[in-house]
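These are the residues of each chain, in order.
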Amino acid sequence: MQKKSDEKGRKMIIKDIIEDKKKWRAHVARVKKLPQDYQTVYKEIQKYLFKVGPVELTGGIGLLSGIIDLFEEGAALGKGVLEVTGSDVAAFCDELIKDSKTYADSWQESADRDVDKAMKKMMGKMK
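Residues numbered from 1 in each chain as written. Predicted model: local features only at pLDDT ≥ 70, side-chain atom pairs only at ≥ 80, totals over all residues. Heavy atoms only, no water.

Asker: Tell me about helix 5 (residues 89-96), and name the residues and values.
Answerer: Residues of helix 5 that are buried: Val-89, Phe-92 and Cys-93. Mapping the buried residues of helix 5 onto a view down its axis gives an arc of 95°, with all of them on the same face. (Buried < 20%, exposed > 50% of the residue type's maximum accessible area, 1.4 Å probe, protein only. Helix = DSSP H or I, 4+ residues; strand = E, 2+ residues; numbered from the N terminus. Arc of directions from axis to C-beta.)

Asker: Describe the packing of helix 2 (residues 36-52) against helix 3 (residues 62-76), and please don't skip the residues or the numbers.
Answerer: When two helices pack together, their arrangement is captured by the angle between the axes and the distance separating the axes. At a minimum axis distance of 11 Å, the contact between helix 2 and helix 3 shows a crossing angle of 160°. The pairing of helix 2 with helix 3 is recorded here as roughly antiparallel in orientation. By crossing handedness, the relation of helix 2 to helix 3 is classed as right-handed. On helix 3, the residues touching Tyr-38, Val-41, Tyr-42, Ile-45, Gln-46, Leu-49 and Phe-50 of helix 2 are Leu-63, Leu-64, Ile-67, Ile-68, Phe-71, Gly-74 and Ala-75. Classifying every residue of the contact of helix 2 with helix 3 gives 12 nonpolar, two polar and no charged. (Axes fitted to C-alpha atoms, helices over the stretch in contact; angles between N-to-C directions. Parallel < 35°, antiparallel > 145°, perpendicular 65-115°, else oblique. Left-handed = near helix turned anticlockwise from the far one by under 90°. Contact = heavy atoms within 4.5 Å. Nonpolar A, V, L, I, M, F, W, Y, C, P; charged D, E, K, R; others polar.)

Asker: Got a sec to walk through the packing of aromatic side chains? Specific residues and values, please.
Answerer: Within this structure, the stated rule accounts for one aromatic pair. Where Tyr-38 meets Phe-71, the ring centres are 5.2 Å apart and the plane angle is 70°; that geometry is what we call edge-to-face. Here Tyr-38 is found in helix 2, whereas its partner Phe-71 is found in helix 3, with 33 residues between them in sequence. (Phe/Tyr/Trp six-rings, centres within 6.5 Å; stacked < 30°, edge-to-face > 60°.)

Asker: So what's going on with the pattern of salt bridges? Which residues, and what values?
Answerer: Taken as a whole and judged by the stated rule, the model has five salt bridges. The closest approach of N and O atoms between Lys-120 and Asp-116, which form a salt bridge, is 3.3 Å. With Lys-120 and Asp-116 both in helix 6 (residues 103-126) and four residues apart, the pair spans about one turn of that helix. With a relative accessible area of 38%, Asp-116 lands in the partly exposed category. By sharing partners, the salt bridges in this structure join Arg-30, Asp-69 and Glu-72 into a single network. (Salt bridge = Lys/Arg side-chain N within 4 Å of Asp/Glu carboxyl O.)

Asker: Could you give an account of a nonpolar patch on the surface, naming the residues involved and the relevant values?
Answerer: Residues Val-115, Met-119, Met-122, Met-123 and Met-126 make up a contiguous nonpolar surface patch of roughly 500 Å² in combined accessible area. Structurally, Met-119 is set in helix 6. (Patch = residues over 30% accessible without salt bridge, like charges linked within 9 Å, V, L, I, M, F, W, Y side chains within 5 Å. Areas by Shrake-Rupley, 256 points an atom, 1.4 Å probe, with all protein chains shown as cover.)

Asker: Give a detailed account of the nonpolar core, specifying residues and quantitative values.
Answerer: Membership of the largest hydrophobic core comes to 17 residues, with the highest contact counts inside it found for Tyr-42, Ile-45, Leu-49, Ile-67 and Phe-71. If you list the elements that add at least two residues to this core, you get helix 2, helix 3, helix 4 (81-85) and helix 5. When residues of this core are assigned to their parent elements, the largest contribution, five residues, is made by helix 2. Once residues within four sequence positions are removed from consideration, Ile-67 is found in contact with Tyr-42, Ile-45, Leu-49 and Leu-96. (Core = buried A, V, L, I, M, F, W, Y, C linked by side-chain atoms within 4.5 Å.)

Asker: Kindly report on the environment of Leu-49, identifying the contributing residues and their values.
Answerer: If you trace the backbone, Leu-49 turns up in helix 2. Between the alpha carbons of Leu-49 and Leu-63 there is a distance of 9.7 Å; along the sequence they are 14 residues apart.

Spelled out as structure tokens, the structure:
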């Protein structure tokens with residue numbers, strides 16, 4: 001019975017991976033339809049967000065799709081990409097993720113926990 005359950009679980013995981021790849025390919029196709037200046041800025045935003053966060057970005061493409069929605073709308077209105085984002089693209093990104101947990105937040109929490117744990121251990125040895 002366990003073997004059938006494991007097999008079914010693997011099939012579901014594979015199915016999810018295939019579905020995620022289809023969504024990502026559709027997402028990339030939308031990016032490629034944007035004007036060149038929008039594509040350039042989008043790629044830089046994507047790199048920035050993958051480096052600094054948010055943590056939930058790895059769980060889906062919701063935020064990135066929202067950016068494409070905004071860019072498609074700006075392009076349709078004939079605006080330049082920096083009219084949409086402003087000239088400080090990093091600040092634009094930071095504003096988008098201001099209420100999200102970022103990788104930096106996770107690292108800070110981890111460092112705080114590790115220091116606290118080490119200090120407690122050291123204090124315990126001093127007694």
